[in-house]
Amino acid sequence: VDVGLARLRQRRELRRVGMLLAETGPYDLVFIDPPWGHGLEAIALHVLMKHSLLAPDATIIVEHGTRATPELTELPAGLERTELRRYGDTSLTWLQRTPEQPVLPE
């Protein structure tokens with residue numbers, strides 16, 4: 001029987017991301033649920049990519065308002081949108097870390 005382990009981390013402020021960076025990573029699954037309409041989704045995604053906090057096949061789920069345009073129009077390099085689910089006023093967007101392309105010699 002395979003048993004998986006999970007760690008749940010809650011960060012109320014992005015300035016506390018240093019605490020997250022100090023902890024072990026990278027993360028296989030990240031759930032982002034910031035206050036809607038402030039652009040915090042995009043900031044969180046950029047921080048995750050900039051600091052290499054995602055495992056190679058990581059999945060990210062972002063909760064955002066259905067009516068408001070989510071701040072997910074320009075994803076950081078290395079992420080792709082794979083699914084969108086709407087539940088009334090709430091939407092969930094799934095993102096997947098894209099495989100790194102090998103650098104070919106010229």
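Provided above is the structure to which this section pertains.
The structure displayed is predicted, hence computed values, not measured ones.

The rules behind each value
Residues numbered from 1 in each chain as written. Predicted model: local features only at pLDDT ≥ 70, side-chain atom pairs only at ≥ 80, totals over all residues. Heavy atoms only, no water. Helix = DSSP H or I, 4+ residues; strand = E, 2+ residues; numbered from the N terminus. Polar contact = N/O pair within 3.5 Å; in protein donor to acceptor, adjacent residues only side chain to side chain. Contact = heavy atoms within 4.5 Å. Salt bridge = Lys/Arg side-chain N within 4 Å of Asp/Glu carboxyl O. Buried < 20%, exposed > 50% of the residue type's maximum accessible area, 1.4 Å probe, protein only. Core = buried A, V, L, I, M, F, W, Y, C linked by side-chain atoms within 4.5 Å. Pairing = 2+ DSSP bridges.

1. Observations regarding the side chain of T93
Its place among the elements puts T93 in strand β4 (residues 90-97). Among the polar contacts listed, one links the side chain of T93 to the side chain of H64, at a separation of 2.7 Å. Excluding anything up to four places from it in sequence, T93 contacts I60, I61, V62, H64, L72, R81, E83 and L84.

2. Quick word on the pattern of salt bridges
A complete count under the given rule lists one salt bridge for this structure. The salt bridge partner of R85 is E83, with a shortest N-O separation of 2.5 Å. On the basis of relative accessible area, R85 is assigned to the partly exposed category, the value being 36%.

3. A word on the nonpolar core
In this structure, V30, I32, L45, L48, L54, I60 and V62 are the most contacted members of the largest nonpolar core, which totals 15 residues. Breaking this core down by element, the ones donating at least two residues are β1 (27-32), α2 (40-50) and β2 (54-65). Looking at which element gives the most residues to this core, the answer is β2, with five residues. Beyond its immediate chain neighbours, meaning those up to four positions away, I60 contacts V30, I32, L45, L48, L54, L79, T93, W94 and L95.

4. A closer look at the pairing of β4
Among the eight residues in β4, six count as buried, and that is most of the element. By the bridge criterion, seven bridges tie β2 to β4 in an arrangement that is antiparallel. Each residue of the ladder has a partner; that of G65, found in β4, is T90. Taking the residues between adjacent antiparallel strands as the criterion, strand β3 (residues 79-87) and β4 are bridged by two residues, where G88 takes a positive phi near 65°.

5. Section: the environment of L79
Within the element layout of this structure, L79 appears in strand β3. A C-alpha to C-alpha distance of 8.9 Å links L79 and L45, two positions 34 residues apart in sequence. Setting aside residues up to four positions removed in sequence, L79 forms contacts with L45, M49, L54, I60, Q96, R97 and T98.

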